[in-house]
Amino acid sequence: MKILSFTLITFFIGFASGHGGDYPYVSYNGMYNNPSNLHWGTAGSTLSQPVRPHYKDGAGSADFTDLPSPRDLSLHLFTEEESVPLSEKYTALLPYFMEFLEHDLLNLRPTCPPEDISISIKKSDPLYGNNTHSRMPLDRIQYDRNSGMWADFPRKQLNSATSWIDGSQIYGISKGWADILRSGTGGKLKTDESGNPAKNTWGVPMSSALKPHTCKYPDIKQLHLFGDGRSNENPGIYALHWLFFKEHNKIAGELARKGSYQNDKWLFDKSRYLTIAKLQKISLDAVKAVIDPETLLEYRGYNASADPAINFLYAGAVKYFFLTMIPDIIYISNANCSLKESDIRLCNTYWDAQKVVERFGPEAFLRGLAYQPAAKVDLHIVNDIRSNFYGPMHWTRRDGIAVAIQRGRDLGVPPLNTVLRHYDLPAITWEVWRDKLNTETYEALKSLYEDDEEKVELYIGGMLLSQAEERMTEVFRLILAEQIYKLREGDRYWFENENNGMGCTKEEIEEIRATTLKDILIRNEVDISDLHDDDDGNVFLLSGLVDDCKLDNSAFNLSECEGDMLLHYDYNTTPYAVPLLVPVFLIFTMVLTVALTRTVHARSKSPKNVVQDEDIDPEALNLGKITELGAKEGIRTVKLCFDETAEALNIKSKGKVVRSISFKKFTNLPLVTCSNNRLVLLICIPKEYDILLKFGSVRKKELALEELTNFCTGASVEIETQQLTEKQIINMAKTEKHRQHLVNTFLSSVFAEMMQAENSNGVVENGHQSQRGSMDSNKSDLKGVGSHVLECELSRSEFASALGLRPDQEFVEKVFPLVDKDNNGSISFREFLSFMIVYSTGSSDDKLKLIFNMYDYDKNGSLHVDEIKQMITSMLQMVSASIDSEELSRLIQSLLEQANLGEKDELTFEEFRTVMAAYRKDIEKANLAVQGGGKSAKPAQKNKVFTAMRSQARGREIKRLIENHRLEIFYSLVFSGIVLVLFFERFITYSKYKDHTGYPQLLGYSLSLTRGSAAVLMFTFPLFLVLMCKNTITHLRGTFIKRYIPLDANRAAHIYLGCVTLIFILIHCIGHGYNFYMITTLSPDHLSCLMPRTWLDGTGQATIVGLLFGTITGITGILLVLALLTMYICATQYARRYLHRWFWNTHQLYPLVLGLMVLHGAGRLLQEPTFHFYLAGPAILFTLDKLISVSRKKREIPLIEAKILPSEVTNLVFKRPVDFHYLAGQYVNIALVNSGTGRDEYHPFTLTSAPHEDYLSVHIRTCKGWTKVLRDLVIKNQKNPEKNPNLFVDGPFGEAHQDYSNYEVVILVGGGIGVTPFASILKDLVHKASSMQTSLSKVKKVYFLWSTRTQKQFEWLLDIIGKCEKEDTRNLLDTHIFITRFYEKSDLRTTMLYICERQFQGISNRSLFTGLKAVTHFGRPNFSSIFNHIALTHEEVRKFGVFVCGPGTMSDAVKLACSKITGKQSFVAYAENF
């Protein structure tokens, strides 16, 4: 974005400047200066190496182990003092100007990828010894990648600045940068309203290293615009940048006033040239101040053979000489040398210079530097450089001298003696060193370099010699002079070259020659005219300085360097981005989950779900809203109804009686009112749980008490009232929850006593109960039962609940009086235990006697035929079954005739026992199933044989599973293998083979994780489109491909793909959490290395906010996480069941997700985008597939008929389009037209019509949402069916059930509404069988197993089964119906019904319950037993097709049973859940 901005501004400024009469152009990047060697001196050229570089391997090794640690050299040879000696010759302006000049000549940037040459630190180090790091950080310099490969061609470093003295630090090294600096009018540079340089609002990549005193990065947009990003390094550099900026505008103004210019560009270029010329002249003055003037030869004209490349000896040693001259204080002066501020420490201004200078103005800094003495040339280095030099985030204060030494080694600077010999100077021996150095320094030097004088490095030796000579040593002077000479002689545009084509007259050249830095200072309102005695005073020298301006450091008190050194800062510590991001997404997840839950709750509380007559219940008292506390379901709203006839208090909730309390059972009623909350009332019910009510107002409570008092008076019940606090009431209240817990304990204790009785042989012996087993209350030992359980008595409703019945059912009505022996209206523990002993362990005669007594209504000792009918009817009533009166008579007559009692109307007990004699064993095994307790079987003793057998069986199950699902397993393994290959290929690539990019060095393994996971996600996301191509998959089912691709596993593949994708999404996000942390701790140089296209040099430190919201990759990443998080949450079972609309709408976000993924990579943060390559093929296929559905969805299909069927089922019959072809077992997506549900809300339903029928039909069970709306519309339009909405139908779509004809033996297993696909299949089967179609020739037998709660649950299917039985002439169909509402088979009640069923089946060849030939079973099917029986029946069949549709638990049971089939036969299960 910023590059585009630079390009646009360059174009507009160039356009506005005009194109005619341009001043001779001088390139900004140094190109074309030398016509013979166009690239000499350009930005990006290599350093010159007049001496062979010194590397251990001769090529470019960073192995410096043969040399002493730079930190040791700094500590032992250099010293730092609070007040360093001052120079008697130079002003502080000299070292700052030389650094300013160096910024024009040299810019050495860290190599990319980073190469570490950090400096070792000893534990004994006085400053850094306690640091958690053992190495001071430093990176190597960029180099020509073609160099450094072998010893004959050593590493050559690159110079990012131009080599020429061409003002690149003023105007930049590119035309784009320069154009940003230009104002576009009058040839001037941009300024603000006060005339100072304009702010960097364009975001030009200014260098912004860390401010060590604040540990923060400056905002580059608040920095002033200059040509060099390092302008903010320190106040001296900043002030000089400001000075030459002002000088340019001063010259431009003077030229403009002369009126001889043609346009803005001419003025700018001319002003630029004159400013550069003056910079060249002043640079010569500065250099001559340091070296002998005679060392620098007189200018002899342009020399095209002079290579201006910067000498690596200068870059690696000489330039650091000036560090010793920099003082620790910066003087800020007013006129007359009066100090404006004396306490500006250099260490507190690093990379914060603009802020410091703006406080006092650059004029004050320049004036102070012009007379402030520089530090003396010696080995005393100011603390600001020696110990408080700037550094990266994890080492904010480095040793500047150690850095200088290590940098020289990085550049390959040879030892001192090697360089001396190159310049024909005598080598320095230890004898010479002894003479030049004091004893301590000499011994330290000799020890550090291991007594090898040839190892002494150039910078170290040069500084030691400079101290001895008290000036820059000769070898340094020669290197500097040589460098300046080549820059001057080789520069075609040098100001003294009269033939440079720049159009300068001799007068102008002489004027430039006469210009000094003092002149420029004065021209730009820096008044220093009073500093020197003479007008020609050299501001680089102290000579001529007036006495009043002579100062030394003793006059000042140094302030401390601010900011702690962040030596503990570690790039690899726990990433703070993760703790920041994780709560955001957790909060989003929680909010979304709460929204979903509240939506479900709101729907349940919506007017559609509220009983309409609740508020106008004529039986209830008008007491407003009453809340019952402590109910089983928590808190519920209730109404109170007093039934004076039955003397009962009925409590209603949602229009239904939830509790009925008879006042006939007790004579007194305790009431507790609340003293501190007058709205609470506790009604204590003896032997039951209490009623804790909260009223809406005190008045309503008083009315309730009044009505209750009147009712109790009429029922002869005395009220006992007491008053307690609310806390006391809650503690003493025995709520429904407490009561339920007590009842559960009651039942558990009963069964515990029954087990104890069995263990002590106090049970049935020879059909008679032993005396020891008698439950007589006086003889039984119940010591193990708690007193609270013994005192507990079950009410009629609790007794019915324990038996799984309603209190009003006849079985309860008959049994309860028999159990309640004391006739007190409740059942004690002993009474219930005695009853259960008889039912569970009694003989068949005991049980038959109990049943006989229950239905002997008139108690005459015999059962009339009508009483037998009533007995069977009541038992059928318990399971919501019924039978015609005629058929019931036939059944009873059959039973009597079987016992030779056909003429009898009444039966004695002996005759009744005779009738049941054939079923005596079944009755003897029967017991009574009770909810809340039960016998626990003794654990089987494990032995080695059993364990081995079970292990073998498990192995066979696994083998069978693999055989039945080999295709699914194969493709799962292939997919998993591809995923792992993609992940690890990218992971290894970015961990091991991306060193040239800098990724492994800067981001470590976190980037490898994100790139590996990204590769997987780019592969998996397009696969979702493939799996959603329903039309394509349906078409492929009719081809040979289905034999090689498990098309039936589409849904399972979608789930598996979603789970794998979720795992790698989490890996990707976690990896980015670490990446964010790593990136936010990188220096700007490392950022430019890591993201060269996005992160321009000098844009400062990255921030998490910037990464997330400042890049297209970050923004799309957040949106992707939120969108995917929403989709995954709404794809849960809970959301799909209760909030299908949410599920549907959120899954329509997939185009947005894929679009965001394309944009996510388009940011090009780290690499070129590749996702579109993965997406192209699947997207095209999906689009074509979708077009087919879209063409169908536009057709409105009219409803022929809509029926409301029992069991909340809606039957839709609609017209079959002419081109609609389908197979039995397929499904369609249906939407309602103009129904308020949304034209795009499609729901899948299996077709229940057969392919040979000329209409289409579906059966829809009413749940909530869409199905509820549909049912309400059908009910509303029953009288006007023409108002029923039309349908949009998309399909048909295939599923596994359509392939039933591929098997010889087919097993169809349906549960509840899951039988809908089998309705179509059964009709299709019978039709094909009756018409002898060859397509069914393979199918020999079809077993249909239907599991339903009652035979009335889906009566419409019974009609279809009945029709199929009539048309099944080949005996193809064998139907078994399992009614699960019956109690377990061992229950006495189920046994009696089973006896009736077998008897009726025998006499009429059809079921007593369904009226079908189908066999009716009670309880849940045992699939293992069923499948084993079928396998034995069809021994010649090797493979059986099992097709399941129903609840997930049933599908799991079927699959488990299939896997347990052993031998050569196999059962292959295909499941569809709802």
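Residues numbered from 1 in each chain as written. Predicted model: local features only at pLDDT ≥ 70, side-chain atom pairs only at ≥ 80, totals over all residues. Heavy atoms only, no water.

A.B. asks: Mind showing me how you'd approach the overall build of the chain here?
C.D. replies: For the chain, the count of helices and strands is 51 helices and 35 strands. Buried residues in the chain amount to 55% of all 1474 residues. Counted over contacts in the chain with a minimum sequence separation of 6, partners at least 24 positions apart contribute 74%. Here the chain displays about 65200 Å² of accessible surface, and carbon together with sulfur accounts for 54% of that area. (Helix = DSSP H or I, 4+ residues; strand = E, 2+ residues; numbered from the N terminus. Buried < 20%, exposed > 50% of the residue type's maximum accessible area, 1.4 Å probe, protein only. Contact = heavy atoms within 4.5 Å. Areas by Shrake-Rupley, 256 points an atom, 1.4 Å probe, with all protein chains shown as cover.)

A.B. asks: Would you mind showing me how to read the pairing of strand S17 (residues 691-695) here?
C.D. replies: Residues in a regular strand project their side chains so that they alternate between the two faces of the sheet. With four of five residues buried, S17 lies mostly within the body of the structure. Inspection of the sheet shows strand S16 (residues 680-683) paired to S17 by four bridges, in the antiparallel sense. From the neighbouring strand, Leu 681 faces S17, where its bridge partner is Leu 693. (Pairing = 2+ DSSP bridges.)

A.B. asks: Help me understand the sheet that holds strand S24 (residues 1199-1205) in this model?
C.D. replies: On the basis of which strands lie adjacent, the open sheet formed by three strands has the order S24-S25-S28 and antiparallel pairing. Only two strands of the sheet have a single partner each, and these edge strands are S24 and strand S28 (1255-1261). Ignoring strand direction, the axes of neighbouring strands in this sheet form an average angle of 15°. Two elements, strand S25 (residues 1209-1215) and S28, share seven bridges in a ladder whose sense is antiparallel. Its bridge partner lying in S28, Phe 1214 is registered against Leu 1256. (Axes fitted to C-alpha atoms, helices over the stretch in contact; angles between N-to-C directions.)

A.B. asks: Got a minute to help me understand the packing of helix H2 (residues 70-77) against helix H15 (residues 439-448) in this structure?
C.D. replies: Packed helices, taken two at a time, are described by the angle between their axes plus the distance between the axes. It is at 10 Å that the axes of H2 and H15 come closest, and there the two elements cross at 165°. Taken together, the axis directions place H2 and H15 in an arrangement best described as roughly antiparallel. Where H2 crosses over H15, the handedness of that crossing is right-handed. Here Asp 72, Leu 73, His 76 and Leu 77 of H2 lie close against H15, whose contacting residues are Thr 441, Ala 444, Leu 445 and Leu 448. In terms of residue class, the contact of H2 with H15 is made up of five nonpolar, two polar and one charged. (Parallel < 35°, antiparallel > 145°, perpendicular 65-115°, else oblique. Left-handed = near helix turned anticlockwise from the far one by under 90°. Nonpolar A, V, L, I, M, F, W, Y, C, P; charged D, E, K, R; others polar.)

A.B. asks: Would you mind going over H2 with me for this structure?
C.D. replies: Given 3.6 residues to a turn, an α-helix orients residues that are three or four positions apart in the same direction. Here H2 lies mainly inside the structure; six of its eight residues are buried. The complete set of buried residues in H2 reads Pro 70, Arg 71, Asp 72, Leu 73, Ser 74 and Leu 77. Contacts from the buried residues of H2 go to strand S3 (119-120), helix H11 (383-386), helix H12 (400-410), H15 and helix H16 (458-469).

A.B. asks: Just to check I follow, could you spell out a negative patch on the surface for this structure?
C.D. replies: On the surface, Asp 866, Glu 897, Glu 903, Asp 905 and Glu 906 cluster together into a negatively charged patch. Tracing the backbone through its elements, the reader meets Glu 903 in the loop between helix H30 (885-898) and strand S22 (906-908). (Patch = residues over 30% accessible without salt bridge, like charges linked within 9 Å, V, L, I, M, F, W, Y side chains within 5 Å. Salt bridge = Lys/Arg side-chain N within 4 Å of Asp/Glu carboxyl O. Lys, Arg positive; Asp, Glu negative; His and termini not counted. Charge placed at Lys NZ, Arg CZ, Asp CG, Glu CD.)

A.B. asks: Which parts of the structure should I look at to understand the pattern of salt bridges?
C.D. replies: For side chains of opposite charge, pairing can occur when their charged atoms come near one another. The final tally for this structure, using the stated rule, is 37 salt bridges. Ionic pairing is found between Arg 386 and Asp 399, a salt bridge with its closest N-O pair at 3.9 Å. On the criterion of sequence distance, the pair formed by Arg 386 in helix H11 and Asp 399 in the loop between strand S10 (397-398) and H12 is long-range, its members being 13 residues apart. Of the residues examined, Arg 386 reaches a relative accessible area of 6% and is grouped as buried. What you see here is one network of salt bridges that share partners, running through Glu 115, Arg 140, Arg 155, Arg 407 and Asp 410.

A.B. asks: Before we go on, may I ask you to explain the environment of Gln 49 in this structure?
C.D. replies: With respect to the secondary-structure elements, Gln 49 resides in the loop between strand S1 (45-46) and H2. Residues Gln 49 and Leu 313, 264 residues apart in the sequence, show an inter-C-alpha distance of 7.8 Å. Residues within four places of Gln 49 in sequence aside, it is in contact with Pro 154, Arg 155, Lys 156, Gln 157 and Phe 312. A distance of 2.9 Å separates a polar side-chain atom of Gln 49 from the backbone oxygen of Arg 155. (Polar contact = N/O pair within 3.5 Å; in protein donor to acceptor, adjacent residues only side chain to side chain.)

A.B. asks: How do you make sense of helix H10 (residues 362-371) when you look at a structure like this?
C.D. replies: Burial analysis of H10 places nine of its ten residues in the buried class, the great majority of the element. Restricting attention to buried positions, one finds in H10 the residues Pro 362, Ala 364, Phe 365, Leu 366, Arg 367, Gly 368, Leu 369, Ala 370 and Tyr 371.

A.B. asks: Quick question: what am I supposed to make of a nonpolar patch on the surface here?
C.D. replies: A contiguous nonpolar patch, built from Phe 970, Tyr 971, Val 974, Ile 978, Phe 1040, Tyr 1044 and Ile 1045 and spanning about 640 Å² of accessible area, is present on the exposed surface. Mapped onto the elements, Val 974 comes out in helix H34 (residues 966-992).

A.B. asks: Would you mind going over the side chain of Lys 319 with me for this structure?
C.D. replies: Checked against the element boundaries, Lys 319 lands in the loop between helix H8 (312-316) and strand S6 (329-333). Under the relative-accessibility criterion, Lys 319 is labelled buried at 16%. Those residues within four positions of Lys 319 in sequence are excluded, and the remaining contacts are Glu 102, Leu 106 and Tyr 314.

A.B. asks: Just checking my understanding: could you explain the state of the cysteines for this structure?
C.D. replies: Linking two cysteines covalently via their sulfur atoms produces the bond known as a disulfide. Inspection of the entire model under this criterion finds one disulfide. Each sulfur of the disulfide joining Cys 347 and Cys 561 lies 2.0 Å from the other. Judged by the torsion about the S-S bond (-105°), the Cys 347/Cys 561 disulfide is left-handed. Highlighted residues: Cys 347 in the loop between strand S7 (339-345) and helix H9 (353-360) and Cys 561 in the loop between helix H19 (517-523) and helix H20 (577-604), separated in sequence by 214 residues. Across the pair, exposure class does not vary: Cys 347 and Cys 561 are buried alike. (Disulfide = S-S within 2.5 Å.)

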